[in-house]
Amino acid sequence: MVDPLVETKLAQPRPRREAVPRPRLDALLSRVAGVPVTVVSAPAGFGKTTLLSSWLAAADLPVAWVALDARDRRPGRFWSYVLTALDRAVPGSAAAALTLLGSGQAAVETVLAGVVNELSVSDDDLVLVLDDYHLADGPEIAETMTFLVEHLPPQLHLVISTRADPGLPLSRLRARGALLEVRAADLRFDGHEVAAYLNDLHALGLPADAVAALEERTEGWAAALQLAVLSLRGRTDTAGFIDRFAGDDRFVVDYLVDEVLDRQPADVRRFLLDTSILERLTAPLCDVVLGGAPGEGRSMLDLLDRQNLFLVPLDDHRRWYRYHHLFGEVLRAHLGNERPGDAAELHRRASRWHADDGEVEEAVRHALAAGDTSTAADLVESSIPELRRLRREDVIRRWVDDLPDDVLANRPALAMGLVGGLMASNDFAGVEERIRAVEAMLARPEDELVVVDRAEFRRVPAAIEMYRGALALVAGDPETGVLRARRAIGTAPADDDLTPAAAAGISGLASWTMGDVVAAQASYVAAAAGLARAGHVADVLGCSLAIADMELTLGRLDAAEASLRSALELAEQHPPGGGGVLRGTADMLVALSRVAWHRDDMVEAAELLRRADDLGEGAGLPQNPYRWRVALARVRAAERDWAGALELLDEATRVYVGDYLPPVHPLHATRARLLAASGDLDGALAWAHEHRVAASDALSYLQEYEHVTLARVLLAQHRAGGDEGVLGNVTALLDRLLDAAEAGARTGTVVEVEVLRALALHAAGGVDDALVALGRAVDLAEPQRWRRFLLEPGPGLGELLETLARDRPRSPFLRDLLARRASAASATTPVAAPVPSPAERLIDPLSDRELDVLRLLASDLDGPGIARELVVSLNTVRTHTKHVYTKLGVNSRRAAVSRAHQLGLLSRSAR
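Residues numbered from 1 in each chain as written. Predicted model: local features only at pLDDT ≥ 70, side-chain atom pairs only at ≥ 80, totals over all residues. Heavy atoms only, no water.

Visitor: Provide a residue-level description of the sheet that holds strand E2 (residues 63-67), including the pertinent values.
Guide: If you walk across this open sheet you meet the five strands as E2-E3-E4-E1-E5, and the pairing is parallel. A single partner strand is all that each edge strand has here, and the edge strands are E2 and strand E5 (179-183). Neighbour-to-neighbour, the strand axes of the sheet open up by a mean angle of 15°, direction not taken into account. As judged from the five bridges shared by strand E3 (residues 126-131) and strand E4 (residues 156-162), these two strands associate in the parallel manner. Bridged to Val129 within E4 is Val159. (Pairing = 2+ DSSP bridges. Helix = DSSP H or I, 4+ residues; strand = E, 2+ residues; numbered from the N terminus. Axes fitted to C-alpha atoms, helices over the stretch in contact; angles between N-to-C directions.)

Visitor: How would you sum up the packing of helix H34 (residues 624-638) against helix H35 (residues 642-654)? Please name residues and give values.
Guide: Between H34 and H35, the shortest axis-to-axis distance is 8 Å and the interhelical angle comes to 170°. Accordingly, the angle class assigned to the pair H34 and H35 is roughly antiparallel. Contacts between H34 and H35 involve Tyr626, Arg629, Val630, Leu632, Ala633, Arg636 and Ala637 from the former and Trp642, Gly644, Ala645, Leu648, Leu649, Glu651 and Ala652 from the latter. (Parallel < 35°, antiparallel > 145°, perpendicular 65-115°, else oblique. Contact = heavy atoms within 4.5 Å.)

Visitor: For the domain arrangement of the chain, give the residues involved together with the corresponding values.
Guide: Segmenting the chain into domains produces domain 1 (6-187), domain 2 (191-262), domain 3 (266-367), domain 4 (610-826) and domain 5 (838-910). Once you take the C-alpha centre of each, domain 1 and domain 4 turn out to be 50 Å apart. Together domain 1 and domain 4 conceal approximately 510 Å² of surface at their shared face, both sides included; 67% is due to carbon and sulfur atoms. Looking at the side of domain 1 facing domain 4, the largest losses of area belong to Thr99, Leu100 and Gln105, adding up to 70% of the total buried there. Connecting domain 1 to domain 4 are zero salt bridges. Counting across the interface, domain 1 meets domain 4 through zero residue pairs in polar contact (both at pLDDT 80 or more). Classifying every residue of the side of domain 1 that touches domain 4 gives three nonpolar, three polar and no charged. (Domains from an automatic or database assignment. Buried area = accessible area lost by both parts, 1.4 Å probe. Salt bridge = Lys/Arg side-chain N within 4 Å of Asp/Glu carboxyl O. Polar contact = N/O pair within 3.5 Å; in protein donor to acceptor, adjacent residues only side chain to side chain. Nonpolar A, V, L, I, M, F, W, Y, C, P; charged D, E, K, R; others polar.)

Visitor: Could you give an account of the environment of Glu604, naming the residues involved and the relevant values?
Guide: Looking at the element boundaries, Glu604 is found in helix H33 (residues 602-614). According to the relative accessible area criterion, Glu604 is partly exposed, its value standing at 29%. Along the sequence, Glu604 and Ser593 sit eleven residues apart, while their C-alpha atoms lie 7.1 Å from each other. Once residues lying within four places of it in the same chain are set aside, the contact partners of Glu604 are Arg565 and Ala596. (Buried < 20%, exposed > 50% of the residue type's maximum accessible area, 1.4 Å probe, protein only.)

Encoded structure:
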């Protein structure tokens, strides 16, 4: 089991029960809401976290808090925590961004842009606190943090608590007056605060000269003062104690910790040193690390908490704690000096507890800290299958860097598992060398190898072929990819479902890339079946989308629907552990809406899209936001709402995220189809010029959709100008497209091309040939109830259908098509506009100004940009946005836009 997000890292610390009022610092921090960035920078022990938690509790501001550590230097992990914190503070603000981040298919800057736009129209200010930022700071984090800082919306105030200045453009912020700085000099206790801390709070009763001496010796350093209080309790030689320490901060704290430790009972001292190796403490874990009687951990934590002995609670229930960082560092130094041989065993015990608790990442970390690379390797190898199933290859990839090479030298299953992590992360450098090293291991006697997972070991030979097939595909050699994939399938052991499934997927992708859709579809069907048997349900959904797309191309509309409904049923049978719906469920509904669109059932298509959107961001794959908009654009185009359809496609382009599948239906070509259909011939021809799509091109499957789109554009050009040369070009292009589609058994393409050929032949005066082409399209379309291709194209098709119907008087399919065309032609309102259910109708309609704001929420503009566009204040935009959210029943910008599209509000506001 992989470790989930550590919830305690997102918990805002509770204010200390014992604190000295510091109104001068409260006044300084009151300026946080007036600046974009605040940096609280001071060495350890100056009370940065205490100050911020106390001030925020009193300020009553919405807060997103993240306690950082050294492992957060990895951008994926860092931003996962930051975005989760933001989304919890402002629900819906980062849900889509988290999905996009998790896909690994978009730059962090792209992810952050969506969050910035969401927050820029929020009605309330929000404080984002990054505590212990110095632990995560580094070039990768600094680059993306700089992007956020330079694009902070006015509502978001960033507070960084750190021991060292962050790698951000502070001088630029300072020059703009956009930076509030709280430094060590500000945090030092002054004379009044030292006296209040020592005598009022801790009732030490020290004379004024002793207080002054402590202020001078500690220089108002909070950690030193706290340690001094612990050491002074019960002493009679106060003056002598104060005289005995002096020097810089490090020496002071070392001396004072010595004093504190020396005054502790032996069992407390042992507890402090033994548990200092832990980043987070909880009673059962402490029991195991101590190796004593159960219950000791709980009693000790309660004691230390009562004594305020540098123990920081991490949750409201006081189950999890950590030591103050500075105190923990000194404790670990004492452990290393006093008992240098004990730390390894303590780490081993911690590793065992975390492993038993299912926290593999922590278990591996402690095993490595103990120098026990063998145990760490065992843990990693045994956890890889589950991590793969959960699509957590990012964790496996991190272990590639953590595990030393020598531990892999005789562990082929582990080494191969790490190769999988690299491949899934698109990190191909050095993979072939690693595979060769595994092959060399397999040539050795088996008794020289270390194998933890026998099943993983048995699949290594097949995995070698599979990954080499994937490398060939990446290198642009799909033929070798198919060959290697077949070898993998033939080599895999009988009880291995995953390797043949993955190899079938590689073979399918290679075949798809080469234009062999029949072979690709068969491979993907095999892949989906194997993945289902292996329990990789989320991957089955991804495969099902590809299968449905190919089945539509092959003309198997019923099969596409069956594949999608089967996947949808599988998803419903396997809800995620935390409840809700499986990610990818919404994508199944969106794909089903495409099937309904092909059948000209626009009400059903719109209903499926509504259901998909109602499931929320978490139910969709990273590509779902753009797919949903494309699907709804098709519905709007069928209603002749060209402006609404084009607006949706523009939005789809803005939220586009690619995947590993070949882009056989590029968005720019779909947009060109709408431009031509709506009468914008100049725009459609400009598309062909920009993307260099010409009738004389050599044909390939990967560009088939674009060339069919070009045929539509050229037919529209001929209708507009009557250019016979254009007609000749389009007829020749369609003939070649038909030959290619027939050769590839792409019946769905054949139906579309034959309809377009019928129009071209009719325009050239060849009515008989046109009827032959149209008759063939009808024959292929009728069994599967394809309708849109026979209803979409422009003038001339109705006449041909009527003629064909007279020749086939008993064809209910033709009568149905003619009735639909007549209904569409006579309609004064959208031909198939989905009627909102009573629950969806707005009880409180949007005002004209709210519609204006809603229209701009669908754009790339942030809050200030919307305000400038409407010539109003940002506060006015926030107020209107809040009203829009309330009336639409949503809590985020993206959800508002989706709901508005469902209800057709954006189309009306654009007119």
